[in-house]
Amino acid sequence: MSAGPQLVLMDQKQAGTPKLRHQPPTSRFWESVTILHRRRTTVIAVFATLAILVHLVLRFVLRTPAGMQQMPLLATLVFGGIPLVYELTRNLLRREFGSDLLAGISIVTSVLLHEYLAGSIVVLMLSGGEALENYALRNASSVLRALAKRMPAIAHRKRDSVIVDVALDEIAVGDTLVVYPHDICPVDGTVIDGHGVMNEAFLTGEPFEITKAPGSTVISGAVNGESALTITATRRAVDSRYAKIMEVMRESEQNQPHLRRLGDQLGAIYTPVAVTIAVLAWVVSGEAVRFLAVLVIATPCPLLIAIPVAIIGSVSLAARRSIVVKNPAVLEQITECRTAIFDKTGTLTYGEPKLTKQLIAPGFAQKEVLTLAASLELYSKHPLARAILAAAKAERLHLQQASHVSEPPGQGLRGTVGGHDIQITSRGKLFSQKTPGAEHLPPIAGGLECIVVIDGKFAATFRLRDAPRVEGRSFIQHLGPKHQFQRIMILSGDRESEVRYLAEQVGITEIHAEQSPEQKLAIVRQETAAAKTLYVGDGINDAPAMMAATVGMAVGQNSDVTAEAADVVAMENSLKKVDEFMHISRRMRSIALQSAVGGMLLSVGGMMFAAAGFLAPVVGAISQEIIDVLAVLNALRAAFPPKVISDMAEPT
């Protein structure tokens, strides 16, 4: 038998993994009731739709007696109308005068007039509009589920050369764990055996895959590379970095800002006006029917239908532009945002190293050094190798075959290319080897670097940075003039030197570097309290801050957790999509206002006629339907692309 580590497969009970518990019938019943209550507007909308269809079939197809025809409508008014009117009454007692309050009055009015079909339609409009908006809204558990899903359920604990799968809560400080290739690190720890890389970009803001060797720290949630690593746990799972982010996320979700919707703002003006006209018509004429006629034509369908139609049309247009709008409310909110907050890595940058400087030592030629270094890097899996190879490809250099390639731990990459001995190593190793020519080594600067040694002599220093997006500067510069942003800042977990370098490249003066998720959340909350904010990011460490901002937008598909936390997700990794979304939102608001305000003005005109006794309730209802059609037709324009969907200057 092999003397190496043995893998012991254990059953669920032995491994300590959690079991599924069977809930008692009463618990399942109340859980179902809770879910239905949470989605009550959707349930009411579906019920009202079916009831109206049944009524039409009974009336026009089967031609049943009038009493039987009305039964589905009465059921709708009882099942859907009473809960909605009750909710609206509570709002009235809290002095909240929204557009839906007038719809509630219309429901009661329709019952008094025995206009049950009209009342059922109002129930459908009221519940359906809210259900359509709630359909895409995130809920608190969705983000936490995405976070929990990302973490492994078990860890591979090693004791006496035996590896056993154990539940995360069984891991103690000091335990030895094995992290297999492509596994997610279960806890914070220190590497004790193995060499490889881990991707920590989504957690820390550091833009590159980080090399790991004995003595290196690892953090929970990081994705391991292609080599197995053995680590010692320095924290329990509940105290690890990833668990802390989950705690911050939960707190952020429980303290989301309340956003006042466009329909509510308009309804707060329209509803008192409509009620006042109806009451005056009744008092002056002494005829209650005029009160009812005014309210029938005053039903705020342009608010209840036209605005959701404009929103849904804009959501559809955004989807065709590879922009997923998860929270339709932000279409109304982003035009009022005055502070733009950006993450650095993967948002304003590409999230991968680029070779930015080649500092060549005397006696060596730039093209020769790059050719030899790139020829050797063909055999390396180090994340910086890709940047050197990309630079060689850009210069169309012809790479050569290498021989005797080796990568001893901590020594860098060695090999022979075209008869030359090549070594790609670090600054510290160069000095420890007392390499000739080391006096020409340039001083330490920001970013990452690697040292090239050719035939035992210092040949070059390659400097690498996370390159800013090519469209970054033009995008940032147009935010103020075109979208009225008054403050623009970078909020990053990366080092200050790197953040400052990027800020200079894209034209941002305000930065906050080396920020943890907790610190990011605190800053965003502070800024959002002062003015409405837009937060754009792409990593897990951005998720809590995204949820605290007025509008949170994720760029790219780098993290399922960020996509869950964001209000908007740009599927293409480009800042131009952020600009397109802002244009779609501004146009949606304009069209929604046209539809709603135009519809309300026509309704006010109709109310005047009804108040004067020229429109009976039935005629008023027909007139309102004509107004509704006009408002909705105008709102449908939001689904069609405008002539200009982005106005940022093309990068030069």
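So, how was this worked out
Residues numbered from 1 in each chain as written. Predicted model: local features only at pLDDT ≥ 70, side-chain atom pairs only at ≥ 80, totals over all residues. Heavy atoms only, no water. Helix = DSSP H or I, 4+ residues; strand = E, 2+ residues; numbered from the N terminus. Buried < 20%, exposed > 50% of the residue type's maximum accessible area, 1.4 Å probe, protein only. Contact = heavy atoms within 4.5 Å. Pairing = 2+ DSSP bridges. Axes fitted to C-alpha atoms, helices over the stretch in contact; angles between N-to-C directions. Arc of directions from axis to C-beta. Phe/Tyr/Trp six-rings, centres within 6.5 Å; stacked < 30°, edge-to-face > 60°. Lys NZ or Arg CZ within 6 Å of the ring centre and 35° of its normal. Patch = residues over 30% accessible without salt bridge, like charges linked within 9 Å, V, L, I, M, F, W, Y side chains within 5 Å. Areas by Shrake-Rupley, 256 points an atom, 1.4 Å probe, with all protein chains shown as cover. Salt bridge = Lys/Arg side-chain N within 4 Å of Asp/Glu carboxyl O. Parallel < 35°, antiparallel > 145°, perpendicular 65-115°, else oblique. Left-handed = near helix turned anticlockwise from the far one by under 90°. Nonpolar A, V, L, I, M, F, W, Y, C, P; charged D, E, K, R; others polar.

Engineer: Account for the overall build of the chain, with residues named and values stated.
Structural biologist: Check the secondary structure of the chain and you find 24 helices and 23 strands. Each of the 652 residues in the chain was classed as buried or not, and the buried ones make up 49%. Pairs at least 24 apart in sequence give 69% of the contacts found in the chain among residues at least 6 apart.

Engineer: Which residues make up the sheet that holds strand β22 (residues 551–555), and what values go with them?
Structural biologist: An order of β11-β23-β22-β21-β12-β19-β20 is seen for the 7 strands of this open sheet, with the pairing classed as mixed. At either margin of the open sheet sits one strand with a lone partner, and together these are β11 (323–325) and β20 (510–512). Sheet twist, expressed as the average angle between the axes of neighbouring strands with direction ignored, equals 20 degrees. The pairing of strand β12 (residues 339–342) with strand β19 (residues 487–491) spans 4 bridges and is classified as parallel. Across the sheet, Phe 342 pairs through a bridge with Ile 490, a residue of β19. Its contacts with the sheet place helix α19 (residues 496–506) against β19 and β20, and it is angled at close to 155 degrees to β20.

Engineer: I'd like to hear about the pairing of strand β15 (residues 413–417), residue by residue, with values.
Structural biologist: Of all 5 residues making up β15, 4 are buried, and the element is well covered by its neighbours. As judged from the 3 bridges shared by strand β14 (residues 402–406) and β15, these two strands associate in the antiparallel manner. Bridging from a neighbouring strand, Ser 406 pairs with Arg 414 of β15. Direction of pairing for β15 relative to strand β16 (residues 420–425): antiparallel, over a ladder of 5 bridges. Bridge pairing links Gly 415 to Ile 422 in β16. Hairpin remark: β15 followed by β16, antiparallel, with 2 residues in the connecting loop; positive phi at Gly 418, about 55 degrees.

Engineer: Before we move on, could you go through the environment of Val 619 and cite the residues and values that matter?
Structural biologist: Along the chain, Val 619 falls in helix α24 (residues 617–635). Placed 323 residues apart in sequence, Val 619 and Val 296 show a C-alpha to C-alpha distance of 9.4 Å.

Engineer: Describe α19, listing the residues and the values that go with them.
Structural biologist: Buried within α19 we find Glu 498, Val 499, Leu 502, Ala 503 and Val 506. The buried residues of α19 all sit within an arc of 135 degrees when viewed along its axis, so they share a single face. In the core, the buried residues of α19 are packed alongside α14 (344–348), β13 (349–360), β18 (457–468), α18 (472–483), β19 and β20. Following α19 by one or two positions, Gly 507 adopts a phi angle in the positive range, close to 90 degrees.

Engineer: Describe in detail the packing of aromatic side chains, supporting the description with residues and values.
Structural biologist: Between two aromatic rings, the relevant description is the distance of the centres plus the angle of the planes. Throughout the structure, instances matching the rule amount to 4 aromatic pairs. Relative to Phe 475, the ring of Phe 342 lies with its centre 5.8 Å away and its plane at 85 degrees, an arrangement referred to as edge-to-face. A residue pair is termed long-range when its members are at least 10 positions apart, and Phe 342 in strand β12 and Phe 475 in helix α18 qualify at 133 residues. With 6.3 Å between their ring centres and 65 degrees between their planes, Phe 609 and Phe 614 make a pair best called edge-to-face. Against the face of Tyr 350 rests Lys 354, its NZ or CZ located 5.8 Å from the ring centre.

Engineer: Got a sec to walk through the sheet that holds β18? Specific residues and values, please.
Structural biologist: Judged by pairing direction, the sheet is antiparallel, and its 6 strands sit side by side in the order β13-β18-β17-β16-β15-β14 without closing on themselves. Pairing within the sheet leaves two strands with one partner each, and these edge strands are β13 and β14. Strand after strand, the sheet turns through a mean of 20 degrees between neighbouring axes, direction not considered. Contacts from α19 reach β13 and β18 within the one sheet, and its direction differs from that of β18 by about 65 degrees.

Engineer: Explain a nonpolar patch on the surface residue by residue, including any values.
Structural biologist: Together, Val 46, Leu 50, Leu 53, Leu 56, Val 57, Phe 60, Val 61 and Leu 62 make up a nonpolar patch on the protein surface, roughly 740 Å² of accessible area in all. Exposure remark for Val 61: the relative accessible area of 61% places this residue in the exposed category.

Engineer: Quick one: what's the story with the pattern of salt bridges, residue by residue and with numbers?
Structural biologist: Per the stated rule, a full pass over the model turns up 21 salt bridges. Notably, a salt bridge pairs Lys 367 with Glu 395, separated by 3.3 Å at the nearest N-O pair. Note that Lys 367 is positioned in helix α15 (residues 366–377) and Glu 395 in the loop between α16 (383–394) and β14, a separation of 28 residues in sequence. Looking at Glu 395, the relative accessible area reads 28%, which means it is partly exposed. Residue Arg 495 pairs with Asp 494 through a salt bridge whose shortest N-O separation is 3.9 Å. Residue Arg 495 is classed as partly exposed on the basis of its relative accessible area of 31%.

Engineer: An account of the side chain of Thr 425 is needed here, citing residue identities and associated values.
Structural biologist: Its location among the elements puts Thr 425 in strand β16. Thr 425 has contacts with Gln 411, Gly 412, Cys 450, Ile 451 and Val 453, leaving out every residue within four places of it along the chain.

Engineer: Report on the packing of helix α11 (residues 288–298) against helix α23 (residues 576–611), specifying residues and quantitative values.
Structural biologist: Helix-helix packing is characterised by the crossing angle of the two axes and by the distance between the axes. Contact geometry for α11 and α23: axes closest at 9 Å, N-to-C directions at 165 degrees. Judged by the angle between their axes, α11 and α23 are roughly antiparallel. Our pair here, α11 against α23, has a crossing hand that is right-handed. Contacts between α11 and α23 involve Arg 290, Ala 293, Val 294, Ile 297 and Ala 298 from the former and Ser 603, Gly 606, Met 607, Ala 610 and Ala 611 from the latter. Per-class residue counts for the contact of α11 with α23 are 7 nonpolar, 2 polar and 1 charged.

Engineer: Give a description of unusual backbone geometry that names residues and reports values.
Structural biologist: Comment: phi is negative for the bulk of residues other than glycine, and the bulk of peptide bonds are trans. A positive phi angle, near 50 degrees, is found at Lys 434, a position not held by glycine. Overall, Lys 434 belongs to the exposed group, its relative accessible area being 72%. Although it is not a glycine, Glu 514 adopts a positive phi angle of roughly 55 degrees. Along the chain, Glu 514 turns up in the loop between β20 and α20 (517–530).

Engineer: Which residues make up the environment of Thr 211, and what values do they have?
Structural biologist: Counting through the fold element by element, Thr 211 comes out in strand β7 (residues 209–212). In this structure Thr 211 comes out as partly exposed when scored by relative accessible area, which is 40%. Placed 15 residues apart in sequence, Thr 211 and Gly 196 show a C-alpha to C-alpha distance of 5.8 Å. With sequence-adjacent residues up to four places away left out, Thr 211 is seen in contact with Gly 196, Val 197, Ser 216 and His 382.

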